[in-house]
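Examining the three-dimensional arrangement
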Amino acid sequence: MLSDFKAFIAKGNVMELAVAVIIAGAFGTIVASMTSDLIMPLVGAVFGDVDFSAKYIVLSGEVEPGMTLEAAREAGANVLAWGAFVSTVINFLILAFVIFLLVRYAKKVQERFEKEEEAAAEEPAGPTEIELLTEIRDALKK
């Protein structure tokens, strides 16, 4: 069983998948930072508030006005953290767009290689062995 597992891990596709997962995790961290550190402060500035991710609506419980989201949760209030949700949606949209661009590029590259293979297959490969033998026979008959 251990040797089968080693053979499975040694396959190229598994290693490529592992590298892709690690890179995707790092890229997700970059996108999260970009969203929370660059985009959301700009959105907050447009709407007149600096910390957009701390926006919430109190559904139940006692919360003093101006209390932070973390403090409201610690106080036992049931809150709808819509600011954090909007940040998460923006993260998702950025990642989805980047993945879309990668898939689109990969598809174009694959189509280009397929067209090159089709063009190479359509080129005449020269006379077959039978055609050559027929030409030799005809030349000997003359």
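Residues numbered from 1 in each chain as written. Predicted model: local features only at pLDDT ≥ 70, side-chain atom pairs only at ≥ 80, totals over all residues. Heavy atoms only, no water.

1. Focus: a negative patch on the surface
- Judged by side-chain charge, Glu111, Glu114, Glu116, Glu117, Glu118 and Glu122 come together as a negatively charged surface patch.
- Positionally, Glu122 belongs in helix H4 (residues 82-122). (Patch = residues over 30% accessible without salt bridge, like charges linked within 9 Å, V, L, I, M, F, W, Y side chains within 5 Å. Areas by Shrake-Rupley, 256 points an atom, 1.4 Å probe, with all protein chains shown as cover. Salt bridge = Lys/Arg side-chain N within 4 Å of Asp/Glu carboxyl O. Lys, Arg positive; Asp, Glu negative; His and termini not counted. Charge placed at Lys NZ, Arg CZ, Asp CG, Glu CD. Helix = DSSP H or I, 4+ residues; strand = E, 2+ residues; numbered from the N terminus.)

2. Quick look at the pattern of salt bridges
- Scanning all chains against the criterion turns up one salt bridge.
- For the salt bridge of Asp138 with Arg137, the shortest nitrogen-to-oxygen distance reads 3.3 Å.

3. Comments concerning helix H5 (residues 129-141)
- Taking 1.5 Å per residue as the helical rise, H5 with its 13 residues ought to reach 18 Å, and the 18 Å between its terminal C-alpha atoms agrees with that figure.
- Of all 13 residues that make up H5, zero are buried, and the element is exposed over most of its length. (Expected span 1.5 Å × (residues − 1). Buried < 20%, exposed > 50% of the residue type's maximum accessible area, 1.4 Å probe, protein only.)

4. As for the environment of Ala71
- With respect to the helices and strands, Ala71 occurs in helix H3 (residues 69-74).
- With relative accessibility at 27%, the residue Ala71 sits in the partly exposed group.
- Between the C-alpha atoms of Ala71 and Pro127, which are 56 residues apart in sequence, the distance is 83 Å.

5. Section: the side chain of Ser87
- For Ser87, the position within the fold is in helix H4.
- Ser87 sits in the buried class, given a relative accessible area of 12%.
- If we skip the residues at most four places from it in the chain, Ser87 touches Thr35, Met40 and Ser53. (Contact = heavy atoms within 4.5 Å.)

6. What to know about the side chain of Thr35
- Counting through the fold element by element, Thr35 comes out in helix H2 (residues 12-46).
- On the basis of relative accessibility, which here comes to 1%, the residue Thr35 falls in the buried class.
- At 2.4 Å, the side chain of Thr35 and the side chain of Asn91 are in polar contact.
- Ignoring sequence-local partners within four residues, the contact set of Thr35 consists of Met40, Pro41, Ser87, Ile90, Asn91 and Ile94. (Polar contact = N/O pair within 3.5 Å; in protein donor to acceptor, adjacent residues only side chain to side chain.)

7. Regarding the confidence of the model for the chain
- Residue-level pLDDT values for the chain average 82, and 94% of them are 70 or greater.
- When pLDDT is averaged over each element of the chain, H5 comes out on top at 90 and helix H1 (residues 2-10) at the bottom at 76. (pLDDT = per-residue confidence, 0-100.)

8. A look at the nonpolar core
- Tyr56, Leu69, Ala72, Ala77, Val79 and Ala81 form the largest nonpolar core, which has six residues in total.
- Apart from residues no more than four positions distant in its own chain, Ala81 is found in contact with Lys55, Tyr56, Leu69 and Arg73.
- Counting five residues, the second largest nonpolar core, distinct from the first, contains Val31, Phe52, Ile90 and Ile94. (Core = buried A, V, L, I, M, F, W, Y, C linked by side-chain atoms within 4.5 Å.)

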